[in-house]
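Architecture and fold: a report
What follows is each chain in one-letter form.
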Amino acid sequence: MYNMDEIVERLGLTGEREAALHVTLLRELALGQPVTVERLAKSLKWTTDEAELVLEKLPCGTIEYDGQGRLIGSGITLRETPHAFVVNDRPLYTWCALDALMFPAVIGERAQVQSRCPQTNNPVTLTVTPQGVVSLEPEDAVVSLVSVAAAGDIRSAFCCDVHFFASRQAGEAWGRDKMHVHMVSVQEGFELGQRIAHLILNRARSDQHGS
């Protein structure tokens, strides 16, 4: 059901340069400030024109910009969402629950994650490191996952239905009328996120080795 390549393709990260840009952008966003294209290019050791060209090729909806044209989101975001993602005391957010489980491996940092169960409104808190999930509360929390076969950008096709739930019972009650939704444990969600993260990281490294 969960084709990693399909998710990566929807993100527009099928190429090595796209993956390299995404990894670098996530690490810059984790510093907690908007990212100019010039700064992103410098971090990549590209020209600004090269960075702009790759950004233009990414699917609609995969990058968030502020009013000054600075980059402020791409899975990790500076705009508030239901999924708080605190890195080194910096308040960040993610587009969905899977992002919160996946991106610590990409940025190489631990994150304190706090979300709310959409069914019960109870908090779900956890710490995610590049190696695993620790201090999950409640311990029987689950994650909703969906196929990305639906039309639209990644946020409307996937992220809007990928949440943390306080229990499997709460998740199944919320998803009763959503045939495309499936509940998995937080550990299973983390393992899927790890596989996607390492697929992206490996493509990004291939670009660095080839440059």
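The sections below set out a description of the structure shown in this document. (Residues numbered from 1 in each chain as written. Predicted model: local features only at pLDDT ≥ 70, side-chain atom pairs only at ≥ 80, totals over all residues. Heavy atoms only, no water.)

1. Observations regarding the packing of aromatic side chains
Each aromatic ring pair is described using two quantities: the centre-to-centre distance and the angle formed by the ring planes. Applying the stated criterion to the full structure yields one aromatic pair. Note on Phe165 and Trp174: the rings are 5.0 Å apart at their centroids and 50° apart in plane angle, and the pair reads as tilted. When its relative accessible area of 17% is taken as the criterion, Trp174 is described as buried. Over the face of the ring belonging to Trp46 we find Arg17, whose NZ or CZ atom lies 4.1 Å from the ring centre. (Phe/Tyr/Trp six-rings, centres within 6.5 Å; stacked < 30°, edge-to-face > 60°. Buried < 20%, exposed > 50% of the residue type's maximum accessible area, 1.4 Å probe, protein only. Lys NZ or Arg CZ within 6 Å of the ring centre and 35° of its normal.)

2. Description of helix H3 (residues 37-44)
When we look at burial in H3, the residues that qualify are Val37, Leu40, Ala41 and Leu44. Taken around the axis of H3, the buried residues stretch over an arc of 100°, which confines them to a single face. Against the buried residues of H3 lie helix H2 (16-29), helix H4 (48-57) and strand E2 (71-74). Note on H3: the residue one or two positions beyond its end, Lys45, has a positive phi of about 65°. (Helix = DSSP H or I, 4+ residues; strand = E, 2+ residues; numbered from the N terminus. Arc of directions from axis to C-beta. Contact = heavy atoms within 4.5 Å.)

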